[in-house]
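In case you want the letters, here they are:
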Amino acid sequence: MVDIEELTDFVVEAKAKAYVGDGAKLPACRPGSHDVGYHRGLWRYLDSYFGGTDFAGQEAVWRDGEPLWAMNYFGRIIRADLLDARRAGAVIKAALQTMYREKRHFLGGMEYQHAYGCYIDSSRGATDHFSGRETIFVDGEEAYELDYRGGLIVP
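Residues numbered from 1 in each chain as written. Predicted model: local features only at pLDDT ≥ 70, side-chain atom pairs only at ≥ 80, totals over all residues. Heavy atoms only, no water.

(A) Main features of the pattern of salt bridges. Inspection of every chain in the model, using the stated rule, returns 10 salt bridges. A salt bridge links R133 to E145, with the nearest nitrogen and oxygen atoms 2.5 Å apart. Taken together, the positions of R133 in strand β8 (residues 129-138) and E145 in strand β9 (residues 141-152) put the pair 12 residues apart, joining distant regions of the chain. On the basis of relative accessibility, which here comes to 28%, the residue R133 falls in the partly exposed class. (Salt bridge = Lys/Arg side-chain N within 4 Å of Asp/Glu carboxyl O. Helix = DSSP H or I, 4+ residues; strand = E, 2+ residues; numbered from the N terminus. Buried < 20%, exposed > 50% of the residue type's maximum accessible area, 1.4 Å probe, protein only.)

(B) Quick peek at unusual backbone geometry. The residue D22 is not glycine, and still its phi comes out positive at about 55°. Looking at the element boundaries, D22 is found in the loop between α1 (4-17) and β1 (25-26). Residues other than glycine seldom take positive phi values, yet D64 does so here, at roughly 55°. Within the fold, D64 resides in the loop between β4 (54-63) and β5 (66-77). A residue is classified by how much of its surface remains accessible, and D64, at 55% relative accessible area, is exposed.

(C) Up close: the sheet that holds β4. Read across the open sheet, the nine strands follow the order β1-β2-β3-β4-β5-β9-β8-β7-β6; overall the sheet is antiparallel. The open sheet has two free edges, formed respectively by β1 and β6 (110-114), since each of these has just one partner strand. Sheet topology places β8 next to β9; 10 bridges connect them, and they run antiparallel. Bridge assignment links E134 to a residue of β9, and that residue is L146. (Pairing = 2+ DSSP bridges.)

(D) Quick look at the packing of aromatic side chains. Enumeration over the complete set of coordinates arrives at seven aromatic pairs. With a centroid separation of 5.6 Å and 80° between ring planes, the pair formed by F106 and F130 is classed as edge-to-face. Highlighted residues: F106 in the loop between α2 (85-103) and β6 and F130 in strand β8, separated in sequence by 24 residues. Overall, F106 belongs to the buried group, its relative accessible area being 6%. (Phe/Tyr/Trp six-rings, centres within 6.5 Å; stacked < 30°, edge-to-face > 60°.)

(E) Examining the pairing of β6 more closely. Summarising the sheet, β6 and strand β7 (residues 117-126) pair through five bridges and their orientation is antiparallel. What sits directly across from Q113, in β7, is C118. In textbook terms, the turn of a hairpin is the stretch between consecutive antiparallel strands, and for β6 and β7 this stretch comprises two residues.

(F) Expanded view of the environment of H34. Mapping H34 onto the fold places it in strand β2 (residues 34-40). Between the C-alpha atom of H34 and that of F10, which follows or precedes it by 24 residues, the distance is 21 Å. In contact with H34, other than residues within four places in its own chain, are D47, S48, Y49, F50 and G51. (Contact = heavy atoms within 4.5 Å.)

(G) Fine view of the side chain of S48. By the element assignment, S48 lies in strand β3 (residues 43-51). A polar side-chain atom of S48 sits 2.7 Å from a polar atom in the side chain of R30. Separated by 2.6 Å, the side chains of S48 and D35 make a polar contact. Sequence-distant contacts of S48, defined by excluding residues within four places in its chain, comprise C29, R30, S33, H34, D35, A56, G57, Q58 and Y73. (Polar contact = N/O pair within 3.5 Å; in protein donor to acceptor, adjacent residues only side chain to side chain.)

Now the structure itself:
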């Protein structure tokens, strides 16, 4: 059985180094996908997604070649008159950098004020099984949304 604390620590580390840390882009593992990954020792992480303003993706973690954990997500700009993809990305990266660095976790309970909007992430559950939602509000209006869910992979 996987050590949940060790897995959680790796997920936080990998997320901080990959998308949020502008990690090295990998060759597309599926036609049209955008892929970014991270590895350390026996651990491997991959974030593979499609799209831009509206997007869908999956993150996965392997240890010694065995898939252990995955998370699926779908996000979109819902008010293009208030927020574009570049600004949404800036808000998300700044908020997540803060979450990973200060809170040392990757699930919910986060509100972050940015010049481009207010980021809110709420979730239920823990690393082994969870679901959540992140939003960005601009001038009190919801301009971006993303839903996510994931957990352990059990053979």
